[in-house]
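Structural description and commentary
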Amino acid sequence: MKTAKNQDEKDKKKEDQQMADAQPASTETAGKQTLDDIMGENGEHYDALNEFVTDIKQLENNSYKNFSEFGKNFYQSYEHYIQQSSIKDEIRFATGFPAGLKALLNSTSITVDKKKQYMQRMINQIMPVLSSDYAKIKNSLSPENYHNMVKGSLNDPMIMVSPFTTNLKQELGKNENYGRTVNMSQMSKDMENDLEKGDFSKLADYFEKIPYNRDTYKKLNLNDRQIDKMMDDANKIFRDVTSDLNDDSKKQIMGSLMLVLSEESDKQFSKLDKTHSVNSFNNANPDPVTGLYLALNSSKSPVNPIGNGVDAKNFARMMRGNPYAARSAMGLTY
């Protein structure tokens, strides 16, 4: 009888567990939509929003070659966004503002600077609507989204020189591992800028700043004094050798160091605790446009074909080489 009773209890527990498994997850988990869910429900709205905030960032950064062409794109993205937004039935915004913006941009009697001032006023005016969009998206973001948004902030030319990114770097630096990764990324970009200018005067300085893993030498039973001497000797030798090299040789060395740092930074970043990305990003407090721009692109791979922000074609051009040869040598695909 006892055995039968025990079996009945086991069967009851199994049945209860099966019923529990059939129930949906907790309301907190089940009720929360992912960013992909939200974008999938209204793809056209979020496509239009992404186009508009991208144009706003271009306006902020003056990252266009021809203002006339940019103005046409800005008008189209503004109008498209309005037609897809919650205020699409408001005549002033659905008809009046787009018509005024188009006339403004087509005017030959108004200076470009004044046009840009009016455009910025229109952006400021519609900011509450953009803030509402960002609030909805923000509630759907996962740690992975935030991690990619942080990476985008550090690598995307539209974001990486903004005050927000300066604040973000300070927040990230509160974690030693993040700080090291950010420093490597920044040094790689500094090298890229010097390569662009043909300035190799800081090559030895860059070499000295490259972080090394002291534990690697500890495994060889070397003490701190021996390790420090090895590093000091390496720095002096590198500085002396490169001082005797011509600019072409210095360029090749700087290019190689830049790529190694870029790739190492990217590799280390992918292993970091994503919780710190979430906290750092929110503590840095981006404006709605910056938040939207980064969030709407966070499910995509950040723009960093080689590693942490170095573009393969641009690198090959600086090195006066073939971008596809550069790609092949580094195992790249694009």
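Here goes a summary of the coordinates provided.

**Some thoughts on the overall build of the chain**
- Helix and strand counts for the chain come out as 18 helices and 0 strands.
- Residue burial in the chain is summarised as follows: out of 334 residues, 40% are buried.
- Summed over its atoms, the accessible surface of the chain is roughly 19300 Å², and 49% of this surface lies on carbon and sulfur atoms.

**Details of the packing of aromatic side chains**
- Scanning the model with the defined rule gives 11 aromatic pairs in all.
- Taken together, a centroid distance of 4.0 Å and an interplanar angle of 5° make the contact between phenylalanine 207 and phenylalanine 238 stacked. Placement of phenylalanine 207 in helix α11 (residues 203-209) and of phenylalanine 238 in helix α13 (residues 224-243) is noted, with a sequence separation of 31 residues between them.

**Thoughts on helix α10 (residues 176-197)**
- Here α10 spans 32 Å end to end across 22 residues, near enough to the 32 Å set by a 1.5 Å rise per residue.
- With a side-chain oxygen lying 2.9 Å from the backbone nitrogen of asparagine 177, the N-terminal cap of α10 falls on asparagine 175.
- Of the residues one or two after α10, glycine 198 is the one with positive phi, at around 70°.

**Digging into the pattern of salt bridges**
- Taken as a whole and judged by the stated rule, the model has 16 salt bridges.
- Note that glutamate 90 and arginine 92 form a salt bridge whose closest N and O atoms lie 3.0 Å from each other.
- Since its relative accessible area comes to 27%, glutamate 90 is described here as partly exposed.
- Across the pair lysine 202 and aspartate 194 runs a salt bridge, and its minimum N-O distance is 3.7 Å.
- Under the relative-accessibility criterion, aspartate 194 is labelled buried at 2%.
- One salt-bridge network, held together by shared partners, links Arg214, Lys218, Asp224 and Asp228.

**Some thoughts on helix α9 (residues 163-172)**
- When α9 is considered as a whole, its buried residues turn out to be Phe164, Thr165, Leu168, Glu171 and Leu172. Taken down its axis, α9 places every buried residue within 115° of arc, on the same side. Summarising the geometry of α9, the exposed residues directed more than 90 degrees from the buried face are Pro163 and Gln170.
- Looking at the buried residues of α9, the elements they touch are α8 (143-155), α10, α15 (274-284) and α16 (288-296).

**Some details on the packing of helix α4 (residues 43-61) against α16**
- The N-to-C vectors of α4 and α16 enclose an angle of 125°; their axes lie 9 Å apart at closest approach. Judged by the inter-axis angle, α4 sits oblique to α16. Handedness of the α4/α16 crossing: left-handed. Across from Tyr46, Leu49, Asn50, Val53, Thr54, Ile56 and Lys57 in α4, the residues of α16 making contact are Val289, Thr290, Leu292, Tyr293 and Leu296.
- Looking at the contact of α4 with α16, its residues break down into 8 nonpolar, 3 polar and 1 charged.

**Re the side chain of asparagine 155**
- Its location among the elements puts asparagine 155 in helix α8.
- Under the relative-accessibility criterion, asparagine 155 is labelled buried at 4%.
- Within the structure, asparagine 155 has its side chain in polar contact with the backbone oxygen of lysine 151 (distance 2.9 Å).

**Focus on the packing of α8 against α10**
- Direction vectors running N to C along α8 and α10 enclose 35°, while the axes themselves pass 11 Å from each other. Regarding α8 and α10, the two cross each other, and that crossing is right-handed. Seen from α8, the contacting residues are His147, Leu154 and Asn155; seen from α10, they are Tyr178, Val182, Ser185 and Lys189.
- For the contact of α8 with α10, a count of residues per class yields 3 nonpolar, 3 polar and 1 charged.

Conventions we followed
- Residues numbered from 1 in each chain as written.
- Predicted model: local features only at pLDDT ≥ 70, side-chain atom pairs only at ≥ 80, totals over all residues.
- Heavy atoms only, no water.
- Helix = DSSP H or I, 4+ residues; strand = E, 2+ residues; numbered from the N terminus.
- Buried < 20%, exposed > 50% of the residue type's maximum accessible area, 1.4 Å probe, protein only.
- Areas by Shrake-Rupley, 256 points an atom, 1.4 Å probe, with all protein chains shown as cover.
- Phe/Tyr/Trp six-rings, centres within 6.5 Å; stacked < 30°, edge-to-face > 60°.
- Expected span 1.5 Å × (residues − 1).
- Polar contact = N/O pair within 3.5 Å; in protein donor to acceptor, adjacent residues only side chain to side chain.
- Salt bridge = Lys/Arg side-chain N within 4 Å of Asp/Glu carboxyl O.
- Arc of directions from axis to C-beta.
- Contact = heavy atoms within 4.5 Å.
- Axes fitted to C-alpha atoms, helices over the stretch in contact; angles between N-to-C directions.
- Parallel < 35°, antiparallel > 145°, perpendicular 65-115°, else oblique.
- Left-handed = near helix turned anticlockwise from the far one by under 90°.
- Nonpolar A, V, L, I, M, F, W, Y, C, P; charged D, E, K, R; others polar.

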